[in-house]
Amino acid sequence: MNAEPADQIRLLDVQDLDVRLQQLAHKRRSLPEHAEIESLTKDLTQLRDLLVAAQTEESDTAREQTKAEQDVDQVRQRAARDQQRLDSGAITSPKDLENLQHEIASLAKRQGDLEDIVLEVMERRESAQERAAELTERVGSVQGKIDDATSRRDAAYEALDGEAATATKEREVIAGAIPADLLKLYDKLRAQQGGVGAAKLYQRTCQGCRQELSITDINEIRKAPADTVVRCENCRRILVRTSESGL
(Lines give C-alpha, C1' and ligand atoms only; values in the text may rest on other atoms or scores of the structure.)
Protein backbone atom coordinates (compact mmCIF):
# COMPACT_ATOMS: atom_id res chain seq x y z
CA MET A 1 0.00 0.00 0.00
CA ASN A 2 1.16 3.51 -0.79
CA ALA A 3 0.22 6.79 0.86
CA GLU A 4 1.75 10.23 0.98
CA PRO A 5 4.13 10.73 3.93
CA ALA A 6 1.92 13.57 5.18
CA ASP A 7 -1.06 11.22 5.27
CA GLN A 8 0.98 8.68 7.22
CA ILE A 9 1.95 11.38 9.69
CA ARG A 10 -1.73 12.23 10.06
CA LEU A 11 -2.29 8.64 11.16
CA LEU A 12 -0.19 9.39 14.23
CA ASP A 13 -2.43 12.34 15.02
CA VAL A 14 -5.48 10.12 14.66
CA GLN A 15 -3.79 7.49 16.81
CA ASP A 16 -3.07 10.04 19.55
CA LEU A 17 -6.71 11.11 19.51
CA ASP A 18 -7.92 7.51 19.62
CA VAL A 19 -5.68 6.85 22.62
CA ARG A 20 -7.06 9.98 24.25
CA LEU A 21 -10.60 8.80 23.61
CA GLN A 22 -9.77 5.41 25.12
CA GLN A 23 -8.29 7.10 28.17
CA LEU A 24 -11.35 9.29 28.60
CA ALA A 25 -13.67 6.29 28.27
CA HIS A 26 -11.60 4.36 30.83
CA LYS A 27 -11.60 7.31 33.20
CA ARG A 28 -15.37 7.60 32.80
CA ARG A 29 -15.80 3.92 33.71
CA SER A 30 -13.30 4.15 36.57
CA LEU A 31 -14.55 7.24 38.38
CA PRO A 32 -14.22 6.74 42.17
CA GLU A 33 -17.82 7.84 42.52
CA HIS A 34 -18.95 4.55 40.92
CA ALA A 35 -17.61 2.46 43.80
CA GLU A 36 -18.77 5.05 46.31
CA ILE A 37 -22.32 5.03 44.97
CA GLU A 38 -22.38 1.24 44.79
CA SER A 39 -21.22 0.89 48.40
CA LEU A 40 -23.63 3.54 49.66
CA THR A 41 -26.50 1.99 47.72
CA LYS A 42 -25.86 -1.36 49.41
CA ASP A 43 -25.86 0.39 52.79
CA LEU A 44 -29.08 2.19 51.87
CA THR A 45 -30.78 -1.06 50.86
CA GLN A 46 -29.85 -2.67 54.17
CA LEU A 47 -31.00 0.35 56.15
CA ARG A 48 -34.30 0.48 54.30
CA ASP A 49 -34.88 -3.21 55.03
CA LEU A 50 -34.19 -2.57 58.72
CA LEU A 51 -36.48 0.47 58.64
CA VAL A 52 -39.32 -1.56 57.12
CA ALA A 53 -38.81 -4.19 59.84
CA ALA A 54 -38.89 -1.52 62.57
CA GLN A 55 -41.97 0.12 61.08
CA THR A 56 -43.68 -3.27 60.81
CA GLU A 57 -42.84 -4.01 64.44
CA GLU A 58 -44.21 -0.61 65.48
CA SER A 59 -47.41 -1.27 63.54
CA ASP A 60 -47.77 -4.76 65.01
CA THR A 61 -47.20 -3.57 68.57
CA ALA A 62 -49.67 -0.70 68.02
CA ARG A 63 -52.37 -3.24 67.18
CA GLU A 64 -51.23 -5.43 70.07
CA GLN A 65 -51.45 -2.45 72.43
CA THR A 66 -54.93 -1.57 71.22
CA LYS A 67 -56.09 -5.16 71.78
CA ALA A 68 -54.51 -5.29 75.24
CA GLU A 69 -56.10 -1.98 76.23
CA GLN A 70 -59.48 -3.23 75.02
CA ASP A 71 -59.04 -6.37 77.17
CA VAL A 72 -58.24 -4.18 80.18
CA ASP A 73 -61.28 -2.03 79.51
CA GLN A 74 -63.56 -5.05 79.25
CA VAL A 75 -62.29 -6.45 82.56
CA ARG A 76 -62.60 -3.02 84.19
CA GLN A 77 -66.19 -2.63 82.98
CA ARG A 78 -67.11 -6.11 84.21
CA ALA A 79 -65.51 -5.43 87.58
CA ALA A 80 -67.37 -2.13 87.82
CA ARG A 81 -70.67 -3.89 87.14
CA ASP A 82 -69.92 -6.52 89.77
CA GLN A 83 -68.94 -3.87 92.29
CA GLN A 84 -72.14 -1.98 91.52
CA ARG A 85 -74.15 -5.17 92.18
CA LEU A 86 -72.28 -5.71 95.39
CA ASP A 87 -72.78 -2.13 96.56
CA SER A 88 -76.49 -2.14 95.65
CA GLY A 89 -77.36 -4.60 98.42
CA ALA A 90 -79.55 -6.55 96.04
CA ILE A 91 -77.65 -9.75 96.69
CA THR A 92 -78.55 -11.16 100.09
CA SER A 93 -77.40 -14.75 99.77
CA PRO A 94 -74.10 -15.21 101.64
CA LYS A 95 -72.94 -17.73 99.06
CA ASP A 96 -73.77 -15.40 96.17
CA LEU A 97 -72.03 -12.55 97.98
CA GLU A 98 -68.96 -14.69 98.51
CA ASN A 99 -68.91 -15.74 94.86
CA LEU A 100 -69.31 -12.14 93.72
CA GLN A 101 -66.54 -10.92 96.00
CA HIS A 102 -64.30 -13.72 94.73
CA GLU A 103 -65.06 -12.77 91.13
CA ILE A 104 -64.28 -9.10 91.83
CA ALA A 105 -60.94 -10.12 93.35
CA SER A 106 -60.18 -12.35 90.35
CA LEU A 107 -61.07 -9.54 87.96
CA ALA A 108 -58.78 -7.16 89.85
CA LYS A 109 -55.90 -9.60 89.48
CA ARG A 110 -56.76 -10.14 85.83
CA GLN A 111 -56.87 -6.39 85.26
CA GLY A 112 -53.45 -6.00 86.89
CA ASP A 113 -51.99 -8.72 84.72
CA LEU A 114 -53.46 -7.16 81.58
CA GLU A 115 -52.19 -3.70 82.56
CA ASP A 116 -48.70 -5.19 82.93
CA ILE A 117 -49.06 -6.59 79.41
CA VAL A 118 -50.10 -3.17 78.13
CA LEU A 119 -47.02 -1.58 79.73
CA GLU A 120 -44.75 -4.26 78.23
CA VAL A 121 -46.27 -3.77 74.78
CA MET A 122 -45.99 0.01 75.11
CA GLU A 123 -42.30 -0.35 75.92
CA ARG A 124 -41.75 -2.53 72.86
CA ARG A 125 -43.70 -0.10 70.70
CA GLU A 126 -41.69 2.85 72.00
CA SER A 127 -38.47 0.98 71.30
CA ALA A 128 -39.65 0.21 67.75
CA GLN A 129 -40.60 3.87 67.25
CA GLU A 130 -37.18 5.03 68.42
CA ARG A 131 -35.50 2.48 66.18
CA ALA A 132 -37.61 3.57 63.20
CA ALA A 133 -36.80 7.22 63.87
CA GLU A 134 -33.08 6.46 64.09
CA LEU A 135 -33.15 4.42 60.89
CA THR A 136 -35.17 7.11 59.10
CA GLU A 137 -32.44 9.60 59.97
CA ARG A 138 -29.70 7.23 58.81
CA VAL A 139 -31.54 6.52 55.55
CA GLY A 140 -31.77 10.25 54.93
CA SER A 141 -28.08 10.71 55.67
CA VAL A 142 -26.97 7.91 53.32
CA GLN A 143 -29.36 9.11 50.62
CA GLY A 144 -27.80 12.56 50.94
CA LYS A 145 -24.35 11.06 50.45
CA ILE A 146 -25.58 9.17 47.39
CA ASP A 147 -27.07 12.35 45.96
CA ASP A 148 -23.78 14.18 46.54
CA ALA A 149 -21.72 11.41 44.93
CA THR A 150 -24.16 11.26 42.02
CA SER A 151 -23.82 15.00 41.48
CA ARG A 152 -20.04 14.72 41.48
CA ARG A 153 -20.18 11.78 39.08
CA ASP A 154 -22.51 13.63 36.73
CA ALA A 155 -20.26 16.69 36.79
CA ALA A 156 -17.29 14.48 35.94
CA TYR A 157 -19.33 12.87 33.16
CA GLU A 158 -20.08 16.28 31.70
CA ALA A 159 -16.42 17.31 31.72
CA LEU A 160 -15.18 14.01 30.27
CA ASP A 161 -17.93 13.87 27.66
CA GLY A 162 -17.06 17.41 26.62
CA GLU A 163 -13.41 16.46 26.13
CA ALA A 164 -14.44 13.33 24.24
CA ALA A 165 -16.74 15.32 21.95
CA THR A 166 -13.94 17.76 21.14
CA ALA A 167 -11.47 14.93 20.46
CA THR A 168 -14.03 13.12 18.32
CA LYS A 169 -14.65 16.17 16.15
CA GLU A 170 -10.91 16.73 15.76
CA ARG A 171 -10.45 13.10 14.78
CA GLU A 172 -13.19 13.36 12.17
CA VAL A 173 -11.46 16.35 10.58
CA ILE A 174 -8.02 14.71 10.47
CA ALA A 175 -9.33 11.28 9.44
CA GLY A 176 -11.31 12.92 6.66
CA ALA A 177 -8.05 13.97 5.02
CA ILE A 178 -6.54 10.46 5.09
CA PRO A 179 -7.07 8.09 2.13
CA ALA A 180 -9.89 5.65 2.81
CA ASP A 181 -7.82 2.50 2.22
CA LEU A 182 -5.09 3.63 4.62
CA LEU A 183 -7.62 4.58 7.28
CA LYS A 184 -9.41 1.26 6.83
CA LEU A 185 -6.16 -0.64 7.37
CA TYR A 186 -5.39 1.47 10.41
CA ASP A 187 -8.82 0.86 11.96
CA LYS A 188 -8.52 -2.87 11.30
CA LEU A 189 -5.11 -3.06 12.95
CA ARG A 190 -6.25 -0.88 15.84
CA ALA A 191 -9.08 -3.31 16.56
CA GLN A 192 -6.65 -6.24 16.45
CA GLN A 193 -3.81 -4.64 18.38
CA GLY A 194 -5.42 -3.32 21.53
CA GLY A 195 -6.29 0.10 20.22
CA VAL A 196 -2.97 0.93 18.52
CA GLY A 197 -2.94 0.56 14.74
CA ALA A 198 -0.11 2.94 13.82
CA ALA A 199 3.12 3.70 15.64
CA LYS A 200 6.07 5.96 15.16
CA LEU A 201 9.42 4.46 14.24
CA TYR A 202 11.69 6.18 16.73
CA GLN A 203 15.43 5.52 16.88
CA ARG A 204 14.90 2.21 15.04
CA THR A 205 12.32 1.10 17.63
CA CYS A 206 8.64 0.51 16.99
CA GLN A 207 6.73 2.60 19.49
CA GLY A 208 3.82 0.18 19.22
CA CYS A 209 5.49 -2.97 20.52
CA ARG A 210 8.65 -1.26 21.86
CA GLN A 211 10.84 -3.72 19.95
CA GLU A 212 14.00 -2.57 18.21
CA LEU A 213 13.98 -3.54 14.56
CA SER A 214 16.68 -5.80 13.16
CA ILE A 215 19.34 -4.46 10.83
CA THR A 216 17.69 -6.33 7.97
CA ASP A 217 14.33 -4.70 8.63
CA ILE A 218 15.93 -1.28 8.98
CA ASN A 219 17.75 -1.69 5.66
CA GLU A 220 14.53 -2.69 3.91
CA ILE A 221 12.75 0.34 5.33
CA ARG A 222 15.61 2.58 4.20
CA LYS A 223 15.18 1.29 0.66
CA ALA A 224 11.41 1.69 0.68
CA PRO A 225 10.04 4.78 -1.10
CA ALA A 226 8.70 7.52 1.15
CA ASP A 227 5.12 6.79 0.10
CA THR A 228 5.34 3.07 0.91
CA VAL A 229 3.30 2.10 3.98
CA VAL A 230 5.66 -0.08 5.99
CA ARG A 231 4.70 -2.48 8.77
CA CYS A 232 6.48 -3.60 11.91
CA GLU A 233 7.66 -7.20 11.48
CA ASN A 234 7.06 -7.85 15.19
CA CYS A 235 3.56 -6.48 15.80
CA ARG A 236 2.41 -5.80 12.22
CA ARG A 237 1.31 -2.26 13.05
CA ILE A 238 1.78 0.52 10.52
CA LEU A 239 5.20 2.09 11.07
CA VAL A 240 5.32 5.79 10.42
CA ARG A 241 8.72 7.19 9.50
CA THR A 242 9.83 10.59 10.75
CA SER A 243 13.09 12.51 11.02
CA GLU A 244 13.60 10.75 14.37
CA SER A 245 13.40 7.25 12.99
CA GLY A 246 17.18 6.78 12.95
CA LEU A 247 17.29 5.56 9.40
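Refer to the structure printed above.
Residues numbered from 1 in each chain as written. Predicted model: local features only at pLDDT ≥ 70, side-chain atom pairs only at ≥ 80, totals over all residues. Heavy atoms only, no water.

A. A look at the pattern of salt bridges. Counting across every chain of the model gives 25 salt bridges. With a shortest N-O distance of 2.8 Å, arginine 78 and glutamate 103 are connected by a salt bridge. Separated by 25 residues along the polypeptide, arginine 78 in helix 2 (residues 32-88) and glutamate 103 in helix 3 (residues 94-175) bring together distant segments of the chain. By relative accessible area, glutamate 103 is classed as partly exposed at 24%. The shortest N-O distance in the salt bridge between glutamate 134 and arginine 138 comes to 3.9 Å. Remark: arginine 138 and glutamate 134 occur in helix 3; sequence separation between them is four residues, near one turn of the helix. (Salt bridge = Lys/Arg side-chain N within 4 Å of Asp/Glu carboxyl O. Helix = DSSP H or I, 4+ residues; strand = E, 2+ residues; numbered from the N terminus. Buried < 20%, exposed > 50% of the residue type's maximum accessible area, 1.4 Å probe, protein only.)

B. Main features of the side chain of glutamine 111. Structurally, the position occupied by glutamine 111 is in helix 3. Judged by its relative accessible area of 17%, glutamine 111 is buried. Here glutamine 111 is in contact with Val72, Val75 and Arg76, once residues within four sequence places are set aside. (Contact = heavy atoms within 4.5 Å.)

C. Region of interest: unusual backbone geometry. Even without a glycine there, the phi angle at glutamine 203 is positive, about 50°. Of note in this structure, arginine 204 is not a glycine but carries a positive phi near 65°. Inspection of the secondary structure puts arginine 204 in the loop between strand 1 (198-202) and strand 2 (205-206). By relative accessible area, arginine 204 is classed as partly exposed at 29%.

D. Spotlight on the packing of aromatic side chains. Taken as a whole and assessed by the stated rule, the structure comprises zero aromatic pairs. One residue, arginine 28, lies across the ring of tyrosine 157, its end atom 3.7 Å from the ring centre. (Phe/Tyr/Trp six-rings, centres within 6.5 Å; stacked < 30°, edge-to-face > 60°. Lys NZ or Arg CZ within 6 Å of the ring centre and 35° of its normal.)

E. Expanded view of the sheet that holds strand 2. Read across the sheet, four strands follow the order 2-1-4-3 without closing on themselves; strand pairing throughout is mixed. Looking at which strands have only one partner, the edges of the open sheet turn out to be strand 2 and strand 3 (230-231). Sheet topology places strand 1 next to strand 2; two bridges connect them, and they run antiparallel. Following the sheet pairing, tyrosine 202 is matched in strand 2 by threonine 205. Packing against the sheet, helix 1 (residues 5-29) makes contact with strand 1 and strand 4 (238-241), and its axis sits at approximately 115° to strand 4. (Pairing = 2+ DSSP bridges. Axes fitted to C-alpha atoms, helices over the stretch in contact; angles between N-to-C directions.)

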